[in-house]
Amino acid sequence: VTPIPGDRNLAERWTSEGRQAEHQSNRAEALRDYQEAMKADPTYYEAGLALGLAAIDAKDYPTALDALGQALTVQANSADARYAFAWVLGRRGYHQDAANELVKLLSAHPREVRARLLLGNFYADNLGQPKLAREQYVKALELIAPQSSQAATIRAWLDQHP
């Protein structure tokens, strides 16, 4: 279903109010404001992403999946929305679907380290595919600083899983 553009000015206003509510640690108001923004203009990517991320913070994963899915309908190549969508799928136990989303993300953004690490984790911990995990971790190592704590953790995993 292709969303129909709505009132962008109203959506921007609701999104701005949602951000203010978030800064004031008023999660419920922020969620409500972002939902109103989505109602005002379902094609406003920023509102969908903001609602999705706020819903993740509230552990409202069904709302997060809906909002992030809508954001991806508007901007299919959004690394932020696709990563968050995959993360929520993983939290809901849909590990293969999450991995598929991360593969899509990496086809458009091959240097996304966080996606490589999360995909490696899904392969290693949830999907029983250590070879594919190794591939992702090796590629991640090529992209991060050698002295980082993440690099040390990855190298330790690689040493334990030859």
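This text follows the structure it describes.
All of these numbers come straight from a predicted model, not from anything done at the bench.

Draft legend 1. Just the side chain of T15, in detail. Along the chain, the position of T15 falls in helix 1 (residues 8–23). T15 gets classed as buried once you look at its relative accessible area, which sits at 0%. Among the polar contacts listed, one links the side chain of T15 to the backbone oxygen of A11, at a separation of 2.8 Å. Setting aside residues no more than four positions away along its own chain, T15 makes contact with Y34, A37, Y44 and A47.

Draft legend 2. Focus on the nonpolar core. If you look at the biggest cluster of nonpolar residues, it comprises 52 residues, and the most contacted ones within it are L68, A81, V88, L102, Y137 and I154. For L68, the residues in contact, after removing those within four places along its chain, are G48, L49, G52, I56, A81, A84, F85 and V88.

Draft legend 3. Helix 8 (residues 130–143), seen in detail. Look at helix 8: 20 Å from first C-alpha to last across 14 residues, which is about the 20 Å you get at 1.5 Å a residue. Those residues of helix 8 not exposed but buried are A133, Q136, Y137 and A140. Buried residues of helix 8 fall within an arc of 100 degrees about the axis and therefore sit on the same side. Along helix 8, exposed side chains directed more than 90 degrees from the buried face belong to K131 and E142. Buried residues along helix 8 sit against helix 6 (95–108), helix 7 (113–126) and helix 9 (149–160).

Draft legend 4. Structural context of the packing of aromatic side chains. Here the structure, examined in full by the defined rule, presents two aromatic pairs. Between Y61 and W87, the ring centres sit 6.1 Å apart and the planes meet at 65 degrees, which makes this aromatic pair edge-to-face. Within this pair, whereas Y61 is found in helix 4 (residues 61–74), its partner W87 is found in helix 5 (residues 79–91), the two being separated by 26 residues in sequence. Judged by its relative accessible area of 10%, Y61 falls in the buried class. Look at W87 and you get partly exposed, because its relative accessible area is 28%. Both rings, one in Y137 and one in W157, keep their centres 4.8 Å apart while their planes meet at 75 degrees; by these two values the pair is edge-to-face. With Y137 in helix 8 and W157 in helix 9, the pair connects residues that are 20 residues apart, well separated along the chain. You'll find Y137 and W157 in the same group, each marked buried.

Draft legend 5. Region of the structure containing the packing of helix 3 (residues 45–57) against helix 5. Closest axis-to-axis distance for the helix 3/helix 5 pair is 11 Å, and the angle between their directions is 30 degrees. Between helix 3 and helix 5, the angle falls in the class roughly parallel. Helix-helix and strand crossings are classified by hand; for helix 3 and helix 5 the assignment is left-handed. For the pair formed by helix 3 and helix 5, the contact residues are Y45, L49, L53 and I56 on the first element and D80, A81, A84, W87 and V88 on the second.

Draft legend 6. Seen up close, the layout of surface pockets. If you add up the space inside the largest pocket, you get close to 160 Å³. Mapped onto the lining of the largest pocket, the elements with two or more residues apiece are helix 7 and helix 9. No other element matches the four residues that helix 9 contributes to the lining of the largest pocket. Here the lining of the largest pocket is composed, by residue class, of four nonpolar, three polar and one charged.

Draft legend 7. View of helix 7. In this model helix 7 runs 19 Å from its N-terminal to its C-terminal C-alpha over 14 residues, within 8% of the 20 Å that 1.5 Å per residue would give. Close packing links the buried residues of helix 7 with helix 5, helix 6, helix 8 and helix 9. Downstream of helix 7 by one or two residues, G128 has phi in the positive range, about 60 degrees.

Criteria and thresholds
- Residues numbered from 1 in each chain as written.
- Predicted model: local features only at pLDDT ≥ 70, side-chain atom pairs only at ≥ 80, totals over all residues.
- Heavy atoms only, no water.
- Helix = DSSP H or I, 4+ residues; strand = E, 2+ residues; numbered from the N terminus.
- Buried < 20%, exposed > 50% of the residue type's maximum accessible area, 1.4 Å probe, protein only.
- Polar contact = N/O pair within 3.5 Å; in protein donor to acceptor, adjacent residues only side chain to side chain.
- Contact = heavy atoms within 4.5 Å.
- Core = buried A, V, L, I, M, F, W, Y, C linked by side-chain atoms within 4.5 Å.
- Expected span 1.5 Å × (residues − 1).
- Arc of directions from axis to C-beta.
- Phe/Tyr/Trp six-rings, centres within 6.5 Å; stacked < 30°, edge-to-face > 60°.
- Axes fitted to C-alpha atoms, helices over the stretch in contact; angles between N-to-C directions.
- Parallel < 35°, antiparallel > 145°, perpendicular 65-115°, else oblique.
- Left-handed = near helix turned anticlockwise from the far one by under 90°.
- 1 Å grid on protein atoms, 1.4 Å probe; cavity = no way out; pocket = protein on both sides within 12 Å on 5 of 7 lines; lining within 4 Å.
- Points joined across faces, edges and corners; volume = space filled by probe spheres on them.
- Nonpolar A, V, L, I, M, F, W, Y, C, P; charged D, E, K, R; others polar.

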